[in-house]
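Each chain is listed here by its residues.
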Amino acid sequence: MANPNKKKVVLPVAPDKEAHGPVKHLYSKKIKLPYGVPGHGLTEKEREVAIDEPPPMPINEKLSVVGKRTKRADALYKVTGAAKYTADIQLPGMLYGKFLRSPHPHARIKSLDLSAAKRYPGVHAVHVLDMEPGGSVQLDGGHDASAETYNIDKLPLLRYVGQPIAAVAAESQNIADEAVKLIKIEYETLPFVLELDKARQKNAPVVFEEKIEEEISEGDVGVTAADKQQGNLRGPTTSSFLGGARGDVDKGFAEAEFILEKEFRTQVQTHCCLETHGVVADWQPDMLTVYSSTQNTAGVRDDLAELFDLPKSKVRVITEYMGGGFGSKFGAGHFGVMATILSRKTGRPVKLMLNREEEHLVAGNRPNSHQILKMGFRKDGKISAIDLTSYGTAGVALGAGVGRVAQDLYECPNFRMAQYDVFTHAGPGAAFRAPGNVQGIFALEQMIDEAAERLGMDPVKYRDIIDNHEVRKLERMKGAEAFGWKNKKPGSDPGPIKRGFGMAQGHWTRFINLNSSATVRINKDGSVAIMSSVQDIGTGTKTILAQVVAEELGLMAEDITVKIGDTLYPDGPGSGGSVTAGSITPAVRNAAYKAKMDLLGQVAGAWDVEVSDLEMKNGDVYSKSDSSKKMSFGEAVKKMRTNQIVATASRPDDYGGFEIGNGIGYGRLGSVQFAEVLVDTETGFIKVERVVAAHSCGRPLNPMQVESQINGGVIMGVGYALYEDRILDLNTGHMVNANLDQYKLPYAKEIPQIETVIIEHYGAFSSTDASGIGEPANIPTAGAIANAVYNAIGVRLYELPMTPQKVLAALGVS
Amino acid sequence: MESPANYCRYLRGKNAYGTLEGGDKPFLNFDPASSTYWCLLTMGPVGPDSQPAHITTCGNEKRKCYTVPKVDKEG
């Protein structure tokens, strides 16, 4: 897919170019793979690939298992409760942990007395986090183990409500909960600031007092001399891997027929995974075993091995079932480290799961934003200049940017951006389903909508002029057809409830994690197993892996046992950035192909035919040239010389090499969504009636699961657009809606009718040519709803969430 | 092997590409505005010296908590 701004693409530079350069092969072959969209000019693309790569996988309609609607491999276990999540793990002698957390947004600890907590019956250990380098993992943080009071100089400055201070391990959760209340602690409270705008003011309480002298490494992207900190303001970041400023922005505005300049605001959205963050840590002399609700088993293993100075082989992390992460469940987490410390202290397993309140406070959030977006448009609609300035707060953390969408979704020769972080005394932000891009699209797509109106053009047709991405163009066309876009008559209802229609779009880079390996094992009893540390975070990874192997071996998906989410197996990728399907399925297919070739070689020997004459399909192994030579898969495996055939493979580079490098491809995952809303002009309530979501994710491996992920993305987008908002008490710094009652998520009544349009798009990138869908499904929803609201009532809302109060205020209703 | 990166042994991050672990993994700082960072020692966004953990500051040997990356202990 053409990159309209490709002259400015900057390659992200790995620290060691030699270690991470493209792989060269001694022997290679040329193969022709499907390329494009079936029914829309599908062609073939010739690629030179390693000699042991499997043959090209045909398009879905020619396959038996891949591309078919296949029920989840673990559906029965989930609906019957047989599936064991981390919170369900019970080990003999297990203790329960509980954190003491800061009740103040900014405070110094004056004294700390653990004696009463230590004496409480059933308590086995108390551990205090201190700030000495390495102190967090020492048995007593460098203190006298028998001490009951602490050297307060070693204790951290408290910068947000919920910051962890200490934890206890006890024989039951109730005992732990009570014991933690017995820790006597005195605080010196300090001035604090919670609001984005106030934190930017010169006289605001400062979150970080001292300034660090920074050094910039060669190859870093977006780090400039201006990437500095003044008060609570840090930045700006002026570039991404797609480059920085380009062209002459002022000249671009001078050439514009008209200029739009608007300010947009988005709220803090907290992570609300159904399964809270947590672990069960079991420190034993020969092995540290950690059951973790994580998006990256290998990453948790690596963290704990590094921190506790253990070989990776002595740390085992298991995630058999996982209840959602959305970007927040990477790394061991403070709870994971604390549980491990407490287990090491007590010699017993320790379970430490966060409760729902803690989730809201400390598990991460999507930072808020204040975006000032200025765009120039030529008479023909082309964009002549874009100037973006944004401010956002990730609390005490960084990363509150608004993504790359303004930079690259539409062709524009003149662009610049300045994205600032603002520190506040609030819980840290975290990656959250398409970090930055969701905020950015809310602003950008309303601007495009406004420009279309100014030009007197239909918003869909206008995007056809300014967006030459072929797949998104197809998504707009197919989505509009499914939605009935051209027949919609907005806002004309005679009563107080107005109906409106809107659309928005987004994109997502195709990321690949090359550290993705899997083993396929064929047993002599006819069973087949896949093994990898890759985890299924609820998206259906187990099922697509089974489908891929079943397709290769001519079996059914239910014939395949999938054993994943365990670091005893080969490293799989972390599941974030929509990388999982595109990273691990080629490794799995290639391992299955190797195992198959091994098996066929042994069968060919028995039949005295060429391996190339043999085929595996519909549960049989047969000769293509001699119909008398045919047997079932079960019979074929009995000819194996060993009890098992085992093959392991890793994700190779993209066929043809990565377009940008280091696992990053340019082929954008398009997403276009259409929304229909009702707005009650008397009460201000918005109801999203219907969403049509048109998406591409390379080869859809299991359309049913792709639909499921799109549904989830749209529902999350509805919550972001209308309901979710972290409300902090400005007097205390406490979150007043740290629950799932007042922190409103969409439930059955708020979920619209969702229809999906999946574009089967082949790019000839790998042996499965699959990509992820998690992020793209969530990006355009709030923008589409905002445009539909404007369409309904004729007044535009520039701030999320679009609550009834904001609707009424916009309408001038008091 | 020594990590080719000059980043602190305990710096970790997450961006759209995935987890940034340093050490034997490439530490790609390709979208700094939307990336989050934390310190493995504190398991929070603040380092042991009470300053933010970030790719622009945690490669700084002048920072008192900076720790040189160590040999990978695979196996």
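Above this text you will find the structure in question.
The paragraphs below set out a description of the structure included in this document. Note that the structure is a prediction, hence the values are computed from the model and not measured. (Residues numbered from 1 in each chain as written. Chains lettered and ligands numbered in written order. Predicted model: local features only at pLDDT ≥ 70, side-chain atom pairs only at ≥ 80, totals over all residues. Heavy atoms only, no water.)

## Thoughts on the sheet that holds strand 15 (residues 350–353) of chain A
Residue and element names in this part refer to chain A.
Here's step 1: A sheet is described by the order of its strands in space; here seven strands give the open sequence 5-6-3-15-12-13-14, paired in mixed fashion. Edge positions in the sheet fall to strand 5 (123–128) and strand 14 (315–318), since each of these pairs with one other strand and no more. Strand-to-strand twist in this sheet, taken as the mean axis angle between neighbours without regard to direction, amounts to 20°.
Here's step 2: Across five bridges, the pairing between strand 5 and strand 6 (residues 164–170) is antiparallel. If you follow Ala125 over to strand 6, its bridge partner there is Ala169.
Here's step 3: In this fold helix 3 (residues 173–181) packs onto strand 3 (95–101), strand 5 and strand 6, with an angle of close to 25° to the strand it touches most, strand 3. (Pairing = 2+ DSSP bridges. Helix = DSSP H or I, 4+ residues; strand = E, 2+ residues; numbered from the N terminus. Axes fitted to C-alpha atoms, helices over the stretch in contact; angles between N-to-C directions. Contact = heavy atoms within 4.5 Å.)

## Considering the pattern of salt bridges
All names here are of chain A.
Here's step 1: Counting across every chain of the model gives 42 salt bridges over all chains.
Here's step 2: Residue Asp571 is joined to Arg301 by a salt bridge in which the shortest nitrogen-to-oxygen separation is 2.9 Å. Of this pair, Asp571 sits in the loop between strand 23 (560–564) and helix 14 (580–607) while Arg301 sits in helix 6 (residues 297–307); the two residues are 270 residues apart in sequence, bridging distant segments of the chain.
Here's step 3: For the salt bridge of Glu750 with Lys744, the shortest nitrogen-to-oxygen distance reads 3.1 Å. (Salt bridge = Lys/Arg side-chain N within 4 Å of Asp/Glu carboxyl O.)

## Topic: a nonpolar patch on the surface
Residues and elements named next belong to chain A.
Here's step 1: Among the surface-exposed residues, Leu26, Tyr27 and Ile51 lie close enough to one another that they form a single nonpolar patch of about 390 Å² accessible area.
Here's step 2: Within the secondary structure, Leu26 is located in the segment before strand 1 (28–37).
Here's step 3: The exposed category is assigned to Leu26, whose relative accessible area is 75%. (Patch = residues over 30% accessible without salt bridge, like charges linked within 9 Å, V, L, I, M, F, W, Y side chains within 5 Å. Areas by Shrake-Rupley, 256 points an atom, 1.4 Å probe, with all protein chains shown as cover. Buried < 20%, exposed > 50% of the residue type's maximum accessible area, 1.4 Å probe, protein only.)

## Focus on the pairing of strand 24 (residues 614–617) of chain A
Residue and element names in this part refer to chain A.
Here's step 1: What you see with strand 24 is a clean split: Leu614 and Met616 sit on the buried side and Glu615 and Lys617 on the side with no burial.
Here's step 2: Two elements, strand 24 and strand 25 (residues 620–623), share four bridges in a ladder whose sense is antiparallel. Residue pairing in the sheet places Met616 in a bridge with Val621 of strand 25.
Here's step 3: The loop that links strand 24 with its antiparallel partner strand 25 comprises two residues; one of these, Asn618, has a positive phi angle of about 50°.

## Notes on the packing of helix 10 (residues 437–455) of chain A against helix 17 (residues 781–793) of chain A
All names here are of chain A.
Here's step 1: Where helix 10 meets helix 17, the closest approach of the two axes is 8 Å, and the angle between their N-to-C directions is 35°. The interaxial crossing formed by helix 10 with helix 17 has right-handed handedness. Mapping the contact onto sequence places Phe442, Glu445, Gln446, Asp449 and Glu453 in helix 10 and Ala782, Gly783, Ala786, Asn787 and Tyr790 in helix 17.
Here's step 2: Partitioning the contact of helix 10 with helix 17 into residue classes produces four nonpolar, three polar and three charged. (Left-handed = near helix turned anticlockwise from the far one by under 90°. Nonpolar A, V, L, I, M, F, W, Y, C, P; charged D, E, K, R; others polar.)

## Here we look at the nonpolar core
Here's step 1: Among the nonpolar cores identified, the biggest contains 71 residues, and Ile383, Ile785 and Met802 of chain A are the most heavily contacted of them.
Here's step 2: Ranked by residue count, the leading element in this core is helix 10 of chain A, at nine residues.
Here's step 3: Inspection of this core shows a minimum of three residues originating in each of domain 3 (197–210 + 221–270 + 365–440) and domain 4 (469–508 + 666–811) of chain A.
Here's step 4: Those residues in contact with Met802 of chain A, other than ones at most four positions away along the chain, are Ile686, Ala721, Leu722, Ala782, Ile785, Ala786, Val789 and Leu797 of chain A.
Here's step 5: Formed by 62 residues, the second largest nonpolar core is a distinct cluster that contains Leu129, Val300 and Leu307 of chain A together with Tyr66 of chain B. (Core = buried A, V, L, I, M, F, W, Y, C linked by side-chain atoms within 4.5 Å. Domains from an automatic or database assignment.)

## Here's the deal with the state of the cysteines
Linking two cysteines covalently through their sulfur atoms gives a disulfide.
Here's step 1: If you walk through the whole model with that rule in mind, you get zero disulfides over all chains.
Here's step 2: Of the cysteine sulfurs around Cys272 of chain A, a residue in no disulfide, the closest is that of Cys273 of chain A, at 7.8 Å.
Here's step 3: Assessed through its relative accessible area of 14%, Cys272 of chain A is described here as buried.
Here's step 4: Cys65 of chain B takes part in no disulfide bond, and the closest cysteine sulfur to it belongs to Cys8 of chain B, at a distance of 6.3 Å. (Disulfide = S-S within 2.5 Å.)

## Details of the sheet that holds strand 8 (residues 228–230) of chain A
Residues and elements named next belong to chain A.
Here's step 1: On the basis of which strands lie adjacent, the open sheet formed by six strands has the order 8-9-19-18-17-10 and mixed pairing. Because the sheet does not close on itself, it has two edges, and the strands there are strand 8 and strand 10 (258–266). Within the sheet, the average angular offset between the axes of one strand and its neighbour, ignoring direction, is 15°.
Here's step 2: Pairing analysis gives seven bridges linking strand 18 (residues 383–392) to strand 19 (residues 415–422), with the strands arranged parallel. Pairing of Ser390 across the sheet is with Gln419, part of strand 19.

None of the figures reported here should be taken as evidence of function without further support.
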